[in-house]
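# A structural walkthrough
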Amino acid sequence: MAWSIADVARMSRVTSRTLRHYDEIGLLPPAWIGSNGHRYYEEADLLRLQQILLMRELDVGLREIRAVLDSQVDQLAVLREHHQRLLAERDRLDTLARTVDRTIAELTESKENSGMTKINRPENLFDGFERASEADAEVQERWPQAWEQTQEVLDTMTAEDTERWQREVTAQMIRLAEFMVAGTPVADPAVQTELDAHYQGICRFWTPNAAAYKGLGQTYVDDPQMRANFDKIADGLAVYQRDAMVVYAEARLS
């Protein structure tokens, strides 16, 4: 069964113009083009569009999305991963909603009874808020000056700067994943060139020495949140990048 571009636009709420753009950049070509020049999409194309839209919700750039999708072999596993992340985010938002609801109820009851607002259990004010990752905590504890410098730089970045930086980081992770999948050793010059770009990117915020750079790489593996960010690109990427960072630190920073 196939659907016209108008059908897909209606079902997905993505404009026909956007679908044509996805075709032009090679992100979502149609299954075939009819004699009338209209694009037609099959089930596999709809599944690919769904993954594109999921990653767009995660603020991944179109170029990075294409690289991820073109390297995937198990679409079911990817969908399961997206499903788990969406369920976790749903649960977090539900908790936040309950937190606000409980706070409103406590403040209302307290004010009605005494004319003053009072929170009975202040620890409940913070249920559902995202916690700082272990990696953030470790950097703050082990390298407080680096943490302060990083926060100062982040405070000066506009939303556009932040989005551009995030996309650069994602693109670099994808390039390293491609090396890993190809079986390229971490000491390979091409991999180390990527690590040099990674190190220079870190230096925009703070300048780690060899020990600090190795320690940062270890947090990519040890911190569950950081590791998940790497491994959602490719399973094992956190370990691969950590090992590459060790080689770079010993060769260039020692």
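Refer to the structure above for everything that follows.
My aim in this report is to walk through the structure given alongside it, one point at a time. (Residues numbered from 1 in each chain as written. Predicted model: local features only at pLDDT ≥ 70, side-chain atom pairs only at ≥ 80, totals over all residues. Heavy atoms only, no water.)

## Some thoughts on the nonpolar core
Put simply, the rule is: Nine residue types can take part in a nonpolar core, namely buried Ala, Val, Leu, Ile, Met, Phe, Trp, Tyr and Cys, and a core is a set of them joined through side-chain atoms within 4.5 Å. Partly exposed describes any residue whose relative accessible area lies between the buried limit of under 20% and the exposed limit of over 50%, with all areas from a 1.4 Å probe on protein chains only and scaled to the type maximum. Here a strand is any run of E in DSSP of at least two residues, a helix any run of H or I of at least four, and the numbering for each starts at the N terminus. By the convention used here, residues are in contact when the closest approach between their heavy atoms is within 4.5 Å.
Core analysis: the largest hydrophobic core is formed by 46 residues, its most contacted members being Leu 19, Leu 195 and Leu 237. If you tally residues by element for this core, the top one is helix H12 (residues 237–253), at seven residues. Each residue touching Leu 19, except ones within four places of it in the same chain, is listed here: Ile 5, Val 8, Ala 9, Val 14, Leu 28, Tyr 41 and Leu 49.

## A look at helix H3 (residues 43–57)
Here is the rule: In this analysis, the expected span of each helix is defined as 1.5 Å times one less than the number of residues it contains.
Here H3 is 15 residues long and its end C-alpha atoms lie 21 Å apart, about the 21 Å a rise of 1.5 Å per residue gives. When we look at burial in H3, the residues that qualify are Asp 45, Arg 48, Leu 49, Gln 51, Ile 52, Leu 54 and Met 55.

## Thoughts on the pattern of salt bridges
The condition is simple: We count a salt bridge whenever a side-chain nitrogen from Lys or Arg sits within 4 Å of a carboxyl oxygen from Asp or Glu.
Going through the model one piece at a time under the given rule, you end up with eight salt bridges. When the shortest N-O distance is used, the salt bridge between Arg 39 and Asp 23 registers 2.8 Å. A residue pair is termed long-range when its members are at least 10 positions apart, and Arg 39 in strand E3 (residues 39–41) and Asp 23 in helix H2 (residues 16–24) qualify at 16 residues.

## Regarding helix H9 (residues 189–202)
Note the threshold: Within this analysis, the arc is defined by the directions that extend from the helix axis to the C-beta atoms.
Counted at 1.5 Å a residue, the expected span for H9 with its 14 residues is 20 Å, and the 20 Å between its end C-alpha atoms agrees. Listed as buried for H9 are Val 191, Gln 192, Glu 194, Leu 195, His 198, Tyr 199 and Ile 202. For H9, the buried positions fall inside an angular range of 155° around the axis, keeping them on one side. When the buried face of H9 is taken as reference, the exposed residues oriented beyond 90 degrees from it are Pro 189 and Thr 193.

## Here we look at unusual backbone geometry
Non-glycine residue Arg 13 carries a positive phi angle of around 60°. Following the sequence through the fold, Arg 13 ends up in the loop between helix H1 (5–12) and H2. You can call Arg 13 exposed: its relative accessible area is 76%.

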